[in-house]
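Take a look at the letters that make up each chain.
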Amino acid sequence: MTWSFRLARILGTDIKVHFTFILLLVFLFVSTGRTQGAETAWWVTGFFLALFFCVLLHEFGHILMARRFGIRTPDVILLPIGGVARLERIPEEPRQELLIAVAGPAVTLAIAAILWGWLRLVGQSAELLPTDAFAGTFAVDLLRVNVLLFLFNLLPAFPLDGGRVLRSLLATRMSYVRATRIAASGGQMLAMVLGVAGLFYNPLWLFIALFVYFGAGQEAAQAEARAAGRGIIVDQMMVTKFETLPVHATLRDAVNRLLDGEQREFPVVDNAGRVEGILTRDHLIRGLAERGPESAVADAMAKSVPVLELGLPFETALERLRMSGLPALPVGGHDQHIVGLLTLDNITDLILVRRAVAR
Ligand SMILES: [Zn+2]
């Protein structure tokens, strides 16, 4: 996911923040500042940051449990609806997925229990569910929001933790793809209800609904892609008829190649045929706008692109393609000499073919 930047690196995991998260923070600060004064604005912002910390702890519940099963997490992205820890791979065993999914809400529950215990200790009683928006006491409100977070996360719909729990339970009885599809359509249904309710009650819900809706769709598509490629290696999937651009070519040359055929992503190679980078259509358009047609492709292309090795299992290749954020990756033989190109279009075709054959 792009549109995010790195905040820190903890235990080998990048902590990233999505720009909409910052947007929400600014929105909260400005809107409360305008209606309730600067002091309340700071209070709300501070509260939100404390909540952000609780969400981070929740994510580390997932991360540390995943690590127990040998699954690394390259990054965790903080979105307005919470965090998303990106697992390097999805656990094969439903039981592992179940434990990883449950670990996050368990942490949230623990935080709530600690806050509750502390409030009892200092002699403050707390209603667990909010009767109005804010009680005005930091610890009480933090406890309430954590309880809400816990309950919301357990809704059995993708991409919430409850959706993962549901999928892992369903996956013991049916195919993984079917289980994912059920959990994902649950997520999209929930999103629609939430979105419509948001129109009437709270615009923030609409915001959450959008994230749930797209998150659910993405999850289903990924599961299907993985299942379609099971047992295949990258050699069988890659495009072998493609054009490359020499590193000294201009963007004008690239435009001619783009308009000549179907290819949209061009590997950029040096004189010896080794991969230097990849020029996607987006890079080309951006380069044209910023530098003009006579500038070199080398300045516009994506550099330090991972090169997939021949013989790589398709699922691993797909994972790397997804991590790169690019629509295509080069496949290299020995000496990084390019022999193929793995593109998202390929993968879409594969899924369509598999689906047609399965019918
Ligand atoms: Zn979670």
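Computed from a predicted model, the values in this text were never measured in an experiment.

Enquirer: I tried to follow the overall build of the chain on my own but got confused; where do I start?
Expert: Counting its secondary structure elements, the chain contains 12 helices and 11 strands. Projected onto its principal axes, the C-alpha coordinates of the chain cover approximately 75 × 50 × 40 Å. Looking at the chain as a whole, 46% of its 359 residues qualify as buried. Residue pairs in contact within the chain that sit at least 24 positions apart in sequence constitute 60% of those at least 6 positions apart. Put simply, the chain shows about 19100 Å² of open surface, and 62% of that area lies on carbon and sulfur atoms. Measuring between centres, the 33 positive side-chain charges of the chain sit 5 Å from its 32 negative side-chain charges.

Enquirer: How should the coordination of the zinc ion be read in this particular structure?
Expert: Ideal geometry at a metal centre gives angles of 109.5 degrees when four donors are arranged tetrahedrally and 90 or 180 degrees when six donors are arranged octahedrally. Binding of the zinc ion to the protein goes through His58 (NE2), His62 (NE2), Asp161 (OD) and Asp161 (OD), at separations of 2.0 to 2.6 Å. Sequence spacing among the residues donating to the zinc ion works out to H-x3-H-x98-D. Pair noted here: histidine 58 and histidine 62 are both in helix α1 (residues 19-68), with a separation of 4 residues, about one helical turn.

Enquirer: Would you take a moment to explain the environment of phenylalanine 150 for this structure?
Expert: Considering the arrangement of structural elements, one finds phenylalanine 150 in helix α3 (residues 138-153). Overall, the relative accessible area of 19% leaves phenylalanine 150 in the buried class. The residues touching phenylalanine 150, leaving out its near neighbours within four places in the chain, are Pro105, Thr108 and Leu109.

Enquirer: Got a minute to help me understand the packing of aromatic side chains in this structure?
Expert: Note on aromatic pairs: each is described by the distance of the centres and the angle between the planes. The full count for this structure, using the stated rule, is 5 aromatic pairs. Taking 5.5 Å as the distance between ring centres and 40° as the angle between the ring planes, the aromatic pair formed by phenylalanine 21 and phenylalanine 48 counts as tilted. Judged by relative accessible area, which is 5%, phenylalanine 21 ranks as buried. Here the aromatic rings of tryptophan 43 and phenylalanine 47 are separated by 5.5 Å at their centres, their planes lie at 5°, and the arrangement is stacked. Remark: phenylalanine 47 and tryptophan 43 occur in helix α1; sequence separation between them is 4 residues, near one turn of the helix. Taking relative accessible area as the criterion, phenylalanine 47 reaches 4% and is therefore assigned buried.

Enquirer: Looking at this structure, how should I read the sheet that holds strand β3 (residues 75-79)?
Expert: Spatially, the 4 strands line up as an open sheet ordered β1-β2-β3-β4, and their pairing is mixed. Lying at the two open borders of the sheet, with one neighbouring strand each, are β1 (4-10) and β4 (82-86). In this sheet, adjacent strand axes meet at a mean angle of 25° when their direction is disregarded. Each of β1, β2 (13-18), β3 and β4 touches α1; the most contacted strand, β2, lies at about 150° to it.

Enquirer: Looking at this structure, how should I read the packing of α1 against helix α2 (residues 94-121)?
Expert: Packed helices, taken two at a time, are described by the angle between their axes plus the distance between the axes. Close contact between α1 and α2 brings their axes to 7 Å; oriented N to C, the two are set at 145°. As for the relative orientation of α1 and α2, their crossing is right-handed in sense. Of α2, the residues touching α1 (which contributes Cys54, Leu57, His58, Gly61, His62, Met65 and Ala66) are Leu99, Ile100, Ala101, Ala103, Gly104, Pro105, Val107, Thr108 and Ile111.

Rules of the game
Residues numbered from 1 in each chain as written. Predicted model: local features only at pLDDT ≥ 70, side-chain atom pairs only at ≥ 80, totals over all residues. Heavy atoms only, no water. Helix = DSSP H or I, 4+ residues; strand = E, 2+ residues; numbered from the N terminus. Buried < 20%, exposed > 50% of the residue type's maximum accessible area, 1.4 Å probe, protein only. Contact = heavy atoms within 4.5 Å. Areas by Shrake-Rupley, 256 points an atom, 1.4 Å probe, with all protein chains shown as cover. Lys, Arg positive; Asp, Glu negative; His and termini not counted. Charge placed at Lys NZ, Arg CZ, Asp CG, Glu CD. Donors = N, O, S within 2.8 Å, 3.2 Å for Na, K, Ca; no water. Phe/Tyr/Trp six-rings, centres within 6.5 Å; stacked < 30°, edge-to-face > 60°. Pairing = 2+ DSSP bridges. Axes fitted to C-alpha atoms, helices over the stretch in contact; angles between N-to-C directions. Left-handed = near helix turned anticlockwise from the far one by under 90°.

By themselves these figures say nothing about function.
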